[in-house]
Amino acid sequence: MGYYRCVMSSVSGAGTDSIIDRLIAAADRPTGVRFVGHSVQAADVKGPGDSFVSWAQIHEEARGVAAALQARGLVPGDHVAILGPTSRSLMTIVQGCWLAGMASMVLPLPMRMGSLDAFVESTRARIDHGDAKLILIDEMLAALYEAGPNDPPIEPMAAVMPGGAGVPSPDRWVRPDIDAERLVILQYTSGSTSEPKGVMIPDRVLRANLDASCAAAELTLDEVMVSWLPLYHDMGLVGFLALPMTRGVQLVQAAPQDFLAKPGHWMQWISDWGGTATAGPNFAWVLATRALGRMEGLDLSRLTMALSGAEPVDPNAVEAFVRAAEPFGFKAGSVFPAFGMAEVAIGGAFPKRHRGMVTDSVDREFLERERVAKPLQLSDATEDLDVRRLPLLGKAVPGLELKVVHPDSYEELPERHVGELLLRGTSVTPGYYKRPDATAALFRDGWLCTGDLAYIVDGELVLCGRIKDVIIVGGRNVFPEDIERTVAQIEGVRAGNVISFGVEGYKGKESVVVVAEVRPNVASNGADSAELVALRHDVHQRTIDVCGLPPRDVMLVKAGTLPKTSSGKLQRAKCRELYLAEELELI
């Protein structure tokens, strides 16, 4: 079970290497994709039990897609927008784009049917800004997006898939010349629709980060990767599609909606197919923990990499998952809290595999007032809330360097001093597409400025929060995550659906606002019910416990109404806008 060599010089001969070379080599492996869950099986499986498609078959069909794109006059360097749910067709078209030397732009799906106007607006903005030469859309979504006057041609995804009318045979594919700087992925980050930011991932950056992530996570060719992550998000597209598809690693693929409908399915898929590596944001592990309490007969003993990333890792949530999963053979050492971002393709810092979660316990108030992580154990604290536990996220992956600097002077800080995290190296994006202003702001002296507040302990990365989200209250730099996690523990509040932010208060001083979704069974009693009055009081008191001052407002809102990005992250800035405009959907 030898470790995969991260430099694939043997793939295509001396001196050449590209994503195309790797896709061709991976097709020779006796592995592929097993589609699980109703949503992908209904669309992609031909008969009962026929859910496996080899990488060789995916590659053969992708060559046909590439030939179809070329037959339409598209050329290497063009961008293709793809709008569709997780499916065999979507994965095949992504590879087809890459084989044709074209950048894939996998577009987010609508989060809620009630926000279709915003979905269309943001989709059109990305398509326009990204200079897409063609839009391929799943027939189920075609009615949601009507062509605008400036849109490029729109065709069904099936129109470029082998078997479709007029689709060329795979042998008509013309392999493009190698170009390490040509974009493979144009990944749009969540944000304002008026100013979309497309992260440019050229061939060399994608290869470098895949190799680095493989080495840092000790991934082997014998892994069984299990994923329900959306393919329009970097963790799903790069970490759990590009990586197995260019390595020839076995993949078990589900759809996000099947996980969200029944989170226990995730654990069942891992058990059924012997999954060794999987990943999800913190909220997903919380949902899985609840589901495990109702499950029987699982085998999670082969799962040796349970990656938590994409949003802040809550140590309490991790430990709860471990307790729930251990009866099924899961080992605590398999927990893998990591740091990544689209601007480095995916992997930024990884811990040692099999180590499990290690936390740094620090004095919360000292951290907030002095921006120094002073060790303080729970056993030495007056109250539990005096201590903030933060996970160690490991060291920079190979080819990357990291440092922490003062946010204003950019002077490098010593260990345990909190500042902005900066990165540089082989995996770093060249910038944002057609956004010279944002690209210039992203870099300083060759280092990528992440916007994250962090510190270093024994060479390992510890994240504290986002610079833009910090609330300055009474001389303390309060991290909204601390308030949100504390409030989320209150009975009646929907876990993972709390947002806190700062607003200008008396004499220009900042004060705290807390917005929390209420569970439907509690909300149904009415705004003036004793339960909601008590709930509002509990939120008020927990906020005082965390930051030492009362919140300016506690807003209790309907379930499912907090603003979120396409990948499910809470949007604090958008929530603040809704609060100031008095547009929150209050109970």
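Every value quoted in this text rests on a predicted model; they were computed, and no experiment measured them.

Student: Please clarify how the overall build of the chain should be interpreted in this entry.
Tutor: Scanning the chain from terminus to terminus reveals 17 helices and 28 strands. For 587 residues, the compact-globule estimate of 2.2 N^0.38 gives 25 Å, and the C-alpha radius of gyration of the chain, at 24 Å, lies within 12% of that figure. The 587 residues of the chain split such that 57% are buried. Put simply, of all contacts in the chain between residues at least 6 apart along the chain, 71% involve residues at least 24 apart. Here the chain contributes 58 positive and 74 negative side-chain charges, whose respective centroids are spaced 1 Å apart.

Student: I would appreciate a short explanation of the sheet that holds strand β1 (residues 32-35) in the present structure.
Tutor: The strands making up a sheet associate through hydrogen bonds between their backbones, and the pairing can be parallel or antiparallel. Taken in spatial order, the seven strands make up an open sheet running β2-β1-β10-β9-β11-β12-β13, and their pairing is mixed. Looking at strand neighbours, the two that pair on one side only are β2 (52-54) and β13 (335-337), the edges of this open sheet. The sheet shows a mean angle of 20 degrees between the axes of neighbouring strands, taken without regard to direction. Note that β1 and strand β10 (residues 250-253) share three bridges and pair parallel.

Student: Looking at this structure, how should I read helix α5 (residues 116-129)?
Tutor: Each full turn of the α-helix corresponds to 3.6 residues, which orients residues three or four apart in the same direction. Taking 1.5 Å of rise per residue, the 14 residues of α5 would be expected to cover 20 Å, and the 20 Å separating its terminal C-alpha atoms lies within 8% of that figure. All of the buried residues in α5 are F119, V120, S122, T123, A125, R126, I127 and H129. Against β3 (79-83), β4 (103-106), β5 (132-137) and β7 (183-188) lie the buried residues of α5. Following α5 by one or two positions, D131 has its phi on the positive side, about 55 degrees.

Student: I would appreciate a short explanation of the side chain of D21 in the present structure.
Tutor: Along the polypeptide, D21 turns up in helix α1 (residues 19-26). A polar contact is formed between the side chain of D21 and the side chain of S18, at a distance of 3.0 Å.

Student: I would appreciate a short explanation of the packing of helix α6 (residues 203-216) against helix α7 (residues 234-247) in the present structure.
Tutor: Between two packed helices, what matters for the description is the angle formed by their axes and the separation of those axes. Taken N-terminus to C-terminus, the directions of α6 and α7 make an angle of 90 degrees; their axes are 11 Å apart at the nearest point. What the angle tells us is that α6 and α7 run roughly perpendicular. Contact residues: L206, L210, D211 and C214 in α6; V238, A242, L243, T246 and R247 in α7. Residues of the contact of α6 with α7, tallied by class, amount to six nonpolar, one polar and two charged.

Student: Teacher, can you tell me more about the environment of G329 here?
Tutor: Mapped onto the fold, G329 is located in the loop between α11 (315-325) and β13. Separated by 31 residues in sequence, G329 and L298 place their C-alpha atoms 8.3 Å apart. With residues up to four places along the chain from it excluded, the contact list for G329 reads L300 and S301.

Student: Sorry if this is basic, but what is going on with the nonpolar core here?
Tutor: Core analysis: the largest hydrophobic core is formed by 122 residues, its most contacted members being W98, W266, M267 and L292. Once residues within four sequence positions are removed from consideration, M267 is found in contact with W285, A288, L292, M295, L298, L300 and F321. I471, I483, V498 and L535 belong to the second largest nonpolar core, which has 22 residues in total.

Student: Where do I start with the packing of α1 against helix α4 (residues 88-99) in this structure?
Tutor: Direction vectors running N to C along α1 and α4 enclose 130 degrees, while the axes themselves pass 9 Å from each other. When the interaxial angle is binned, α1 and α4 end up oblique. Every pair of crossing elements has a handedness; the one defined by α1 and α4 is left-handed. Across the interface between the two elements, I19, I20 and L23 from α1 touch Q95, W98 and L99 from α4. Here the contact of α1 with α4 is composed, by residue class, of five nonpolar, one polar and no charged.

Student: Help me understand the pattern of salt bridges in this model?
Tutor: Side chains that carry opposite charge are capable of pairing whenever their charged atoms lie near each other. Inspection of every chain in the model, using the stated rule, returns 29 salt bridges. Its salt-bridge partner being E155, residue R72 comes within 2.7 Å of it at the nearest N-O pair. Of this pair, R72 sits in the loop between α3 (55-71) and β3 while E155 sits in strand β6 (residues 154-156); the two residues are 83 residues apart in sequence, bridging distant segments of the chain. Note that R355 is salt-bridged to E460, the shortest N-O span being 2.6 Å. One end of the pair, R355, is in the loop between β15 (347-350) and β16 (359-363); the other, E460, is in strand β23 (residues 460-466), with 105 residues separating them in the sequence. Several salt bridges share partner residues, and in doing so they unite D17, R22, D203, R207, D211 and R247 into one network.

Student: Looking at this structure, I do not really get a negative patch on the surface. What am I missing?
Tutor: There is a patch of like negative charges on the surface, built from E383, D384, D386 and D545. Following the sequence through the fold, E383 ends up in the loop between α12 (364-370) and β17 (387-391).

Student: Which parts of the structure should I look at to understand the packing of aromatic side chains?
Tutor: Each aromatic ring pair is described using two quantities: the centre-to-centre distance and the angle formed by the ring planes. Applying the stated rule across the entire model yields eight aromatic pairs. Their ring planes at 80 degrees and their centres at 5.7 Å tell us that W228 and W266 sit as a pair that is edge-to-face. On the criterion of sequence distance, the pair formed by W228 in the loop between β9 (224-227) and α7 and W266 in helix α9 (residues 264-273) is long-range, its members being 38 residues apart. A relative accessible area of 4% means that W228 is categorised as buried. A residue is classified by how much of its surface remains accessible, and W266, at 0% relative accessible area, is buried. Plain terms: the ring middles of F321 and F330 are 5.3 Å apart, the flat faces sit at 75 degrees to each other, and that makes the pair edge-to-face. The exposure class assigned to F321 is buried, which follows from its relative accessible area of 3%.

Student: Teacher, can you tell me more about the pairing of strand β28 (residues 553-557) here?
Tutor: Side chains on a regular strand alternate between the two faces of the sheet. Of all the five residues making up β28, four are buried; the element is thus mostly covered by neighbouring parts of the structure. Sheet topology places strand β27 (residues 510-518) next to β28; five bridges connect them, and they run parallel. By the bridge assignment for β28, V515 is matched with M555.

What counts and how
Residues numbered from 1 in each chain as written. Predicted model: local features only at pLDDT ≥ 70, side-chain atom pairs only at ≥ 80, totals over all residues. Heavy atoms only, no water. Helix = DSSP H or I, 4+ residues; strand = E, 2+ residues; numbered from the N terminus. Rg over C-alpha atoms; globule rule 2.2 N^0.38 Å. Buried < 20%, exposed > 50% of the residue type's maximum accessible area, 1.4 Å probe, protein only. Contact = heavy atoms within 4.5 Å. Lys, Arg positive; Asp, Glu negative; His and termini not counted. Charge placed at Lys NZ, Arg CZ, Asp CG, Glu CD. Pairing = 2+ DSSP bridges. Axes fitted to C-alpha atoms, helices over the stretch in contact; angles between N-to-C directions. Expected span 1.5 Å × (residues − 1). Polar contact = N/O pair within 3.5 Å; in protein donor to acceptor, adjacent residues only side chain to side chain. Parallel < 35°, antiparallel > 145°, perpendicular 65-115°, else oblique. Nonpolar A, V, L, I, M, F, W, Y, C, P; charged D, E, K, R; others polar. Core = buried A, V, L, I, M, F, W, Y, C linked by side-chain atoms within 4.5 Å. Left-handed = near helix turned anticlockwise from the far one by under 90°. Salt bridge = Lys/Arg side-chain N within 4 Å of Asp/Glu carboxyl O. Patch = residues over 30% accessible without salt bridge, like charges linked within 9 Å, V, L, I, M, F, W, Y side chains within 5 Å. Areas by Shrake-Rupley, 256 points an atom, 1.4 Å probe, with all protein chains shown as cover. Phe/Tyr/Trp six-rings, centres within 6.5 Å; stacked < 30°, edge-to-face > 60°.

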